[in-house]
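Report on the structure
What follows is each chain in one-letter form.
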Amino acid sequence: MNNSIEIKNLNKFYGKKQALYDVSLSIHQGMFGLLGRNGAGKTTLMKTLATLLQKKDGEITVCGVPIENAGEIRKIIGYLPQEFSMYPSMNVGEAMEYLAILSGLNGDERKKRIDALLKKVNLSEHRNKKVKALSGGMKRRLGIAQALLNDPKVLIVDEPTAGLDPEERVRFRNLLSEIAEDKIVILSTHIVGDIEATCEDIAIINEGRVIYNGTVDELLQASEGRVFTMTVSKRELPQLKRQLSITSMHTQGNKVHIRFIADTLMQGAKACEPNIEDAYMLYLHTSGVRDILGEIGGEW
Amino acid sequence: MNQSKERFPVLEIAKINLRHNSLLSIAVAAVLCLLVPLLIGTSNLDQKSAAMPLEMFVSLIGIVLLTPVFQPEQNEEINDLVSSKYCSTERVYLIRTVYSVTAAVLLIAIFTVYMKMCSCDVTPVMALGTAADAVFLGSIGMLTSALTGNTVIGYMPPLLYYALNIGMGPKLGSFYLFSMAIGDYKAKIWLFAAGVVMTAASLLYQKIRRRTI
Amino acid sequence: MLFVREMKKIVVSIPYLIFVAAIVIGLFSQGVFQFKDDLLQEPQPGGVSGSYGYKYEEIPEMVMPSALRNLLSEFSDNNYTTYPIGFIKHVKLSEGEQTGMAEILSEITGINKETLLQEVAGIDSGSPDNYTFQIGGDNMRQGEDGGFTIDSDAKQQSEPEKLVFAVRDDLEYSRFQELMKQADDLLGGGSKYASDSLSQYGTVPLTYEEAKERYELALSSDQITGGYARLFSDYAGVMVLSILPVFLAVILCMKDQRAKMEALIYTKKTSAVKLTLVRYLALVTAAMLPVIILSYLSNMLVWSTYSGMDLDYLAPLKYDLGWLMPSVMISTAIGMFLTELTGTPIAVAVQGLWWMFDVNLGIKTVRSGYSLFRLAPRHNVGADSWFRTQDYLDHFQNLMQNRLLMAGLSLLLVIFTILIYEAKRKGKFGGNESIKRAFSGFRNRKNQSQA
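Here the structure is a predicted model, which means the values were calculated and not measured. (Residues numbered from 1 in each chain as written. Chains lettered and ligands numbered in written order. Predicted model: local features only at pLDDT ≥ 70, side-chain atom pairs only at ≥ 80, totals over all residues.)

For the rest of this paragraph, the subject is the overall build of chain C. The number of helices and strands found in chain C is 15 helices and nine strands. Relative to its 451 residues, chain C shows a buried fraction of 39%. A separation threshold of at least 6 residues defines the contact pool for chain C, and within that pool the share at least 24 residues apart is 75%. (Helix = DSSP H or I, 4+ residues; strand = E, 2+ residues; numbered from the N terminus. Buried ≥ 20, exposed ≤ 12 C-beta atoms within 10 Å, placed from the backbone. Contact = placed C-beta atoms within 7 Å.)

Written out as structure tokens, the structure is:
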């Protein structure tokens with residue numbers, strides 16, 4: 001049995017609207033990052049892998065099992081949806097119990113597994129707390145625990161860090177990295193920091209198309225020599241914002257340090273080492289997206 | 001991991017669902033049954049009069065019990081979560097349907113026995129006739145809930161049909177809900193058959209809908 | 001505009017489609033488009049007695065024997081039919097109570113109570129196949145004097161015995177009324193012997209003059225169309241308008257929750273007052289629109305028949321707004337209030353129960369039901385009794401009180417909804433918190449305002 005996910009020429013439609021165009025990816029053991037803006041098609045791809053959505057055409061095999069065989073696939077995957085919620089009257093223990101039953105675990109195995117997982121995600125003491133009363137971070141940890149109930153070969157986590165505070169986010173990334181040691185973990189995010197910290201292989205999706213697939217290093221290399229910094233006065237900023245693809249800003253008094261992407265060096269600017277943010281922006285930029293800056297500015 | 005073993009723990013799923021997803025509707029149905037003797041006479045009735053509390057009131061528990069069968073997973077987040085698990089959600093629906101019908105039949109049986117004890121001329125056939133009404137009304141709710149994805153909308157058509165029966169009376173022929181009160185038991189066969197068909201259709205629709213999205 | 005947007009949200013939806021279909025089907029089934037079959041005709045002089053219809057009147061000579069006959073029949077079966085709150089109820093009396101009833105009967109008929117009780121007991125002890133003591137059955141004959149003779153079956157007794165059940169000649173009607181009241185009390189109230197029900201034992205044919213008077217009244221007071229509009233309102237209110245608007249309200253309010261819009265709306269600038277009022281207005285308007293159209297369709301179908309007469313073309317609108325709208329208002333308000341309060345569709349159950357009560361109450365009070373807490377007032381038995389205009393006018397005061405109360409309650413609930421909305425917005429209570437917490441939120445609010 002091979003330990004990889006193979007996606008070939010996947011197309012997906014919602015009615016007449018096409019959500020995924022000819023997506024082909026090969027995903028191997030370890031963390032795999034899916035990067036893209038909100039609405040780019042990440043969730044669609046992940047739901048398709050989790051057998052929640054039907055594909056239009058193309059081929060998907062998960063560890064050698066064709067995706068059409070939903071029952072078998074569900075045995076070997078764990079899925080954490082973007083928004084995690086449970087039947088309102090259930091507490092943490094009951095939710096785990098029910099989901100374990102649905103995962104096909106029998107009595108003894110179930111109890112052991114639930115205990116171990118709750119301990120792993122640090123929720124043992126909150127066993128009797130109602131799921132809906134958990135904090136965002138706790139909910140996400142419970143989400144991971146439930147996705148691991150069947151000890152899956154593949155873990156699919158959709159936007160796991162959205163809405164978490166920085167401390168929770170770091171903790172969560174570490175947890176995922178730990179899990180990824182012997183599994184395929186597919187992580188989607190629109191937060192570049194998540195990828196930077198955890199993934200080696202990534203794909204960038206934009207408007208339903210894969211615009212980059214490779215390692216983080218390769219992505220960085222490809223952007224070499226196209227990222228610059230410059231210090232400008234606040235007054236100049238509005239005009240520069242219109243002209244340049246600014247990836248980050250740092251204000252100091254009435255001066256602003258900006259980082260931007262450009263094809264050639266311009267006057268007063270200095271070339272610098274690209275980071276993933278820059279590279280990501282560059283890819284989006286070159287794939288014909290113009291209006292990204294306003295949107296992502298705040299998020300990074 | 002024993003995942004190669006095919007497991008589908010019907011009883012465990014039923015137990016948890018009963019407790020967390022169906023307790024309220026069963027409680028409401030029971031309260032409804034308890035209210036009936038306060039609203040309408042349930043003692044010393046001949047067969048036709050005894051049909052009234054059964055057909056006109058007790059049968060309403062079908063709406064209460066069956067319409068919300070799909071409700072818990074109509075929350076999209078919960079749906080995404082449980083659908084990714086090995087045990088398919090359609091089977092969970094089936095389990096809920098079966099125990100909801102069982103609960104309806106049980107409550108109706110208890111009520112019929114109660115009426116018998118109050119010296120009403122009731123027969124087991126009348127209890128079955130009432131169950132047919134309940135299944136029919138409930139299945140209208142289930143079907144609407146499945147088609148619209150919204151349980152609240154699901155409650156509308158069965159109540160409307162109930163009102164129509166009050167308004168139109170025996171003109172509804174084989175689908176007249178209160179037929180036992182006029183001595184007609186044949187209509188119940190039609191009602192029950194239609195109820196089963198609609199229940200099956202709504203379960204099937206859930207399956208197809210899930211397949212095609 | 002907010003109103004247009006909310007209106008669109010309601011109207012362009014499956015529930016609204018069901019709502020409209022329900023109104024059309026529901027009303028069609030009640031024959032509101034066939035009022036042509038119920039035409040008002042001017043009574044012609046010279047008709048035979050009864051041809052102008054009947055009326056109830058409390059005439060002692062008629063009431064006493066009929067009521068006695070009925071009571072005896074129920075007494076012998078020990079199975080009394082009552083309507084304590086409108087629903088039919090069969091009452092079985094205990095031995096002691098039966099004796100009490102026998103005493104009452106004894107005073108009315110002059111037959112001693114032991115004999116009466118024996119007669120009843122005789123049914124039980126004898127073999128039921130051969131011996132049937134039937135009062136009101138084949139063996140019972142009405143005599144010239146309004147009394148009844150019962151032939152006991154000869155098989156059981158050595159010699160045939162003749163018992164005469166008749167009202168004692170010297171019984172005053174006032175005493176009879178008292179006795180009937182006692183009987184009613186024994187039965188727990190709501191029986192046909194209650195003071196206000198006794199008149200039903202007296203049916204008198206109308207005279208030509210009375211019929212003519214009724215006809216004139218329908219012409220002058222109702223201007224004909226008013227009578228038909230009233231019939232329409234009677235059906236529309238009870239069939240759909242007191243239950244279905246609650247669904248529209250609940251579904252609209254829950255839409256926000258389902259779409260996770262709550263958080264967004266809470267932060268929007270629109271004030272809670274404005275949003276709630278606009279929504280309420282939109283819901284009521286949406287529910288009333290098809291009703292107004294249908295009421296006119298129904299009414300217009302008879303206009304041509306009465307051409308040349310003085311018709312009130314605004315009658316349907318008057319009844320829509322005055323009679324039906326308060327029902328729509330209250331069920332919409334209950335829907336909005338309970339949904340905002342609990343975040344659950346519990347309003348459907350609450351309104352459903354009230355409606356079920358009300359509909360079934362209506363079975364007894366279908367002719368005229370205007371009591372204070374009626375959800376859907378009733379006024380039926382159609383044009384063939386000249387719309388019963390006088391009855392309507394007699395009860396108009398009650399109707400007004402009921403409708404004003406419903407409208408007032410609705411507005412009160414809307415105000416409460418606004419308060420809840422405002423509290424939620426300030427984070428005082430979250431959508432999925434328990435009602436208990438919600439109420440404590442209210443309490444805090446109150447304490448704060450007192451401080």
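Turning our attention to the overall build of chain A. When helices and strands are tallied, chain A shows eleven helices and 14 strands. Compactness check: chain A gives a C-alpha radius of gyration of 21 Å against a globular reference of 19 Å for 300 residues, within 12% of the reference. Seen through its C-alpha atoms, chain A measures out along the principal axes to roughly 70 × 45 × 35 Å. Counting every position in chain A, which comprises 300 residues, the buried fraction comes to 44%. Pairs at least 24 apart in sequence give 67% of the contacts found in chain A among residues at least 6 apart. (Rg over C-alpha atoms; globule rule 2.2 N^0.38 Å.)

Before going further, it helps to spend a moment on the sheet that holds strand β10 (residues 209-215) of chain A. Residues and elements named next belong to chain A. The mixed open sheet is built from six strands, whose spatial order is β6-β7-β8-β3-β9-β10. The open sheet terminates on both sides in strands that have one partner only, identified here as β6 (77-80) and β10. On average, each strand axis in the sheet is tilted by 15° relative to the strand beside it, whichever way the strands run. Relative to β10, strand β9 (residues 201-206) runs antiparallel, the two sharing six bridges. Residue pairing across strands places D201 opposite T215, the latter belonging to β10. (Pairing = 2+ DSSP bridges. Axes fitted to C-alpha atoms, helices over the stretch in contact; angles between N-to-C directions.)

Next up on the list: the packing of helix α2 (residues 14-29) of chain C against helix α8 (residues 225-241) of chain C. Residue and element names in this part refer to chain C. Between α2 and α8, the shortest axis-to-axis distance is 9 Å and the interhelical angle comes to 130°. On the basis of the axis angle, α2 is oblique to α8. The interaxial crossing formed by α2 with α8 has right-handed handedness. Contacts between α2 and α8 pair A22, I23, G26 and L27 from the former with Y235, A236, M239 and V240 from the latter. (Parallel < 35°, antiparallel > 145°, perpendicular 65-115°, else oblique. Left-handed = near helix turned anticlockwise from the far one by under 90°.)

What follows covers the interface of chain C and chain B. With 27 residues of chain C in contact, the opposing surface of chain B contributes 20 residues. Residue contributions to the side of chain C that touches chain B peak at seven residues, all from α2(C). Grouping the amino acids of the side of chain C that touches chain B by side-chain chemistry returns 19 nonpolar, six polar and two charged. (Nonpolar A, V, L, I, M, F, W, Y, C, P; charged D, E, K, R; others polar.)

Moving on to the sheet that holds strand β13 (residues 255-261) of chain A. Residue and element names in this part refer to chain A. Here we have four strands laid out as an open sheet, ordered β12-β13-β11-β14, and antiparallel in their pairing. Only two strands of the sheet have a single partner each, and these edge strands are β12 (245-252) and β14 (270-271). Looking at chain direction, strand β11 (residues 227-233) and β14 are connected through two bridges and run antiparallel. If you follow T229 over to β14, its bridge partner there is K270. On top of the sheet, helix α10 (residues 276-286) reaches β11, β12 and β13; it is set at about 140° to β12, its chief contact.

As a further point, take the interface of chain A and chain B. Where interface size is given, it is often the accessible area lost as the parts come together that is meant. Counting residues at the interface gives 28 residues for chain A, matched by 25 residues for chain B. A per-element tally of the side of chain A that touches chain B places helix α3 (residues 92-102) of chain A first, with four residues. Here the residues of the side of chain A that touches chain B sort into 14 nonpolar, nine polar and five charged.

Before going further, it helps to examine unusual backbone geometry. In this structure, T51(A) is a non-glycine residue whose phi angle is positive, near 65°. Positionally, T51(A) belongs in the loop between α1 (42-49) and β4 (57-62). For N78(C), which is not a glycine, the phi torsion comes out positive at approximately 45°. Relative to the helices and strands, N78(C) is located in the loop between α3 (60-77) and β2 (80-82).

Under the feature "transmembrane region" (unreviewed entry), the UniProt entry names residues 12-33, 235-254, 275-301, 321-339 and 404-421 of chain C. Between the end C-alpha atoms of residues 235-254 of chain C there is a gap of 29 Å, over a span that is 90% helix and 0% strand. (UniProt positions renumbered as here; feature names shortened; annotations may be inferred.)

Residue and element names in this part refer to chain A. Taken together, the seven bridges between strand β1 (residues 5-14) and strand β2 (residues 17-27) define a ladder with antiparallel strand orientation. Directly across from E6, in β2, lies its bridge partner S26. Hairpin connection, β1 to β2: the antiparallel pair is bridged by two residues, and G15 has positive phi, about 60°.

Residues and elements named next belong to chain A. Its place among the elements puts S177 in helix α6 (residues 166-179). The sequence separation of S177 and G208 amounts to 31 residues, and the corresponding C-alpha distance is 27 Å. Those residues in contact with S177 that sit more than four places away from it in its chain are M31 and T198.

Residue and element names in this part refer to chain C. Counted at 1.5 Å a residue, the expected span for α3 with its 18 residues is 26 Å, and the 26 Å between its end C-alpha atoms agrees. For α3, the complete set of buried residues consists of V63, M64, P65, A67, L68, R69, L71, L72, E74 and F75. At the C-terminal side of α3, N78 shows a positive phi close to 45°. (Expected span 1.5 Å × (residues − 1).)

Residue and element names in this part refer to chain A. Counting buried residues along strand β7 (residues 154-158), five of its five residues qualify, which places the element largely inside the surrounding structure. Every second residue of β7 is oriented toward a common face, with V154, I156 and D158 on one face and L155 and V157 on the other, all of them buried. Strand direction decides the pairing type here: β6 and β7, joined by four bridges, are parallel. Paired with G78 across the bridge in β7 is L155. Summarising the sheet, β7 and strand β8 (residues 184-189) pair through five bridges and their orientation is parallel. Considered in β8, the bridge of V157 is made with L187. For the crossover that starts at β7, traverses α6 and ends in the parallel β8, the hand is right-handed. (Right-handed = clockwise from strand over helix to strand, strands pointing away.)

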